[in-house]
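As a plain string of letters, each chain reads:
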Amino acid sequence: MFDKIEQARLSELHFKSDDASQLQAIIAIHSTKLGPALGGCRCIEYSSDEAAINDVIRLARGMSYKAALAKVPQGGGKAVILKPKQIHDRAALFRAFGQFVNELGGRYITAVDSGSTLDDMDQISKVTPYISGSNVDGLDPSPMTALGVLAGIKSAAFHRYGSADLANRIVAIQGVGNVGFALAELLHKEGARLLISDVDNAKVEHVRRAFGAEAVTPDHFFDTECDILAPCGLGAVLNDNTIATLNCDIIAGSANNQLAEARHGKLLHDKGILYAPDYVINAGGLIKVSLGHLHRSEQSIKTKTWGIGQTLLQIFERAKVENLPTSVIADQMAEQILYSK
Ligand code: NAD
């Protein structure tokens, strides 16, 4: 266990077990150098305790990198609730988790994530102020995530084509959920031609009608011919199989952990595909919950989110000059901020 902690340069790992509420949860605080650690709370079933520990450590570290490059006054942290097979009282479970967060005295601030909902966040906010993004505070991250992805797509287009104009550019979006739908709307306003794919046919139909998008079957998403591919659904979608079939110039989407393994960043680089590192381009939601929690104005949140485009331009330029994958450059830039004295 301590090996893992040292390897990830994690600063704290906390466990809580409470029979009455069925709570079994872990909170990982990777870094508080830039501010209190902020990161979502996952509530999913894990195959083992070890799998949950690995997940929370990896995710907390990712949040530190994301916050550093998003330039928000926040460290990186994450929580997982090991989801019971059957939850007897969901509200009680999340209130118990909220107590756990509260005991850390504000060093960790929680938020919504896979398997948790804004209603769950409402329960947490009954017992601790260290929560951002609930029905109570009205901080919905998804529209801001989509705005940041648009800024990133425009920067990638500028770097690749010499123009950020997206009129008539073909953009393929995988997953038209919270972020993908909002992104489709923004791209439609920019005059882009949209190809969309989702396993939920009702969502496909909605976006097809609303924005004149064309549907692509999920099986053929990655070999679709387009200018820009925007993965906004699942993680690990950029792997040996999909990269071999890609038919695009740019990959820029909101999904977390798009690269199945770190080496896939190099494969994209070698293929001449410009990849916008996921944790950089999808930081708009983090900016929203971070600055929203600090009661900053909507305009300042939008301005910082639009700045994601500028950060990506720096990454693209350095990657070109140093002939390295953009994913490697992003990590180097984050590590310089996090580990410099
Ligand atoms: P969501 O669940 O609302 O949307 C995901 C969509 O992907 C769903 O419509 C789902 O049906 C679809 N999907 C699932 N499998 C698919 C497949 N094989 N092919 C095509 N479509 C598929 O989630 P979201 O909140 O929009 O987040 C999307 C991604 O962005 C996730 O990876 C999330 O971790 C990441 N992200 C989201 C935010 C945010 O603010 N919501 C912030 C940062 C990162």
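Rules of the game
Residues numbered from 1 in each chain as written. Predicted model: local features only at pLDDT ≥ 70, side-chain atom pairs only at ≥ 80, totals over all residues. Heavy atoms only, no water. Pairing = 2+ DSSP bridges. Helix = DSSP H or I, 4+ residues; strand = E, 2+ residues; numbered from the N terminus. Phe/Tyr/Trp six-rings, centres within 6.5 Å; stacked < 30°, edge-to-face > 60°. Buried < 20%, exposed > 50% of the residue type's maximum accessible area, 1.4 Å probe, protein only. Lys NZ or Arg CZ within 6 Å of the ring centre and 35° of its normal. Domains from an automatic or database assignment. Buried area = accessible area lost by both parts, 1.4 Å probe. Salt bridge = Lys/Arg side-chain N within 4 Å of Asp/Glu carboxyl O.

Draft legend 1. Representation of the sheet that holds strand E11 (residues 274-275). Ordered by their spatial adjacency, six strands build an open sheet running E8-E7-E6-E9-E10-E11, and the pairing between neighbours is parallel. Each edge of the open sheet carries a strand with a single partner, namely strand E8 (214-215) and E11. The pairing of strand E10 (residues 250-251) with E11 spans two bridges and is parallel. The residue of E11 that forms the bridge with Ile 250 is Leu 274.

Draft legend 2. Structural context of the packing of aromatic side chains. Enumeration according to the criterion identifies four aromatic pairs in this entry. Between the aromatic rings of Phe 181 and Phe 211, the centroid separation amounts to 5.4 Å while the plane-to-plane angle is 50°, which identifies the pairing as tilted. In this pair, Phe 181 sits in helix H6 (residues 178-189) while Phe 211 sits in helix H7 (residues 201-211), placing the two residues 30 residues apart along the sequence. With relative accessibility at 24%, the residue Phe 181 sits in the partly exposed group. Between Phe 221 and Phe 222, the aromatic rings sit 5.0 Å apart at their centres with planes inclined by 90°, giving edge-to-face as the arrangement. Both residues of the pair, Phe 221 and Phe 222, belong to the buried class. The lysine or arginine in question, Arg 169, covers the ring of Tyr 161, its NZ or CZ lying 3.5 Å from the ring centre.

Draft legend 3. Spotlight on the domain arrangement of the protein. Domain assignment breaks the protein into domain 1 (2-60 + 75-125) and domain 2 (142-339). Domain 1 and domain 2 are separated by 27 Å when their C-alpha centres are compared. Between domain 1 and domain 2 the total buried area reaches about 730 Å² when both faces are included, carbon and sulfur atoms providing 63% of it. Summed over the shared surface of domain 1 and domain 2, the number is zero salt bridges.

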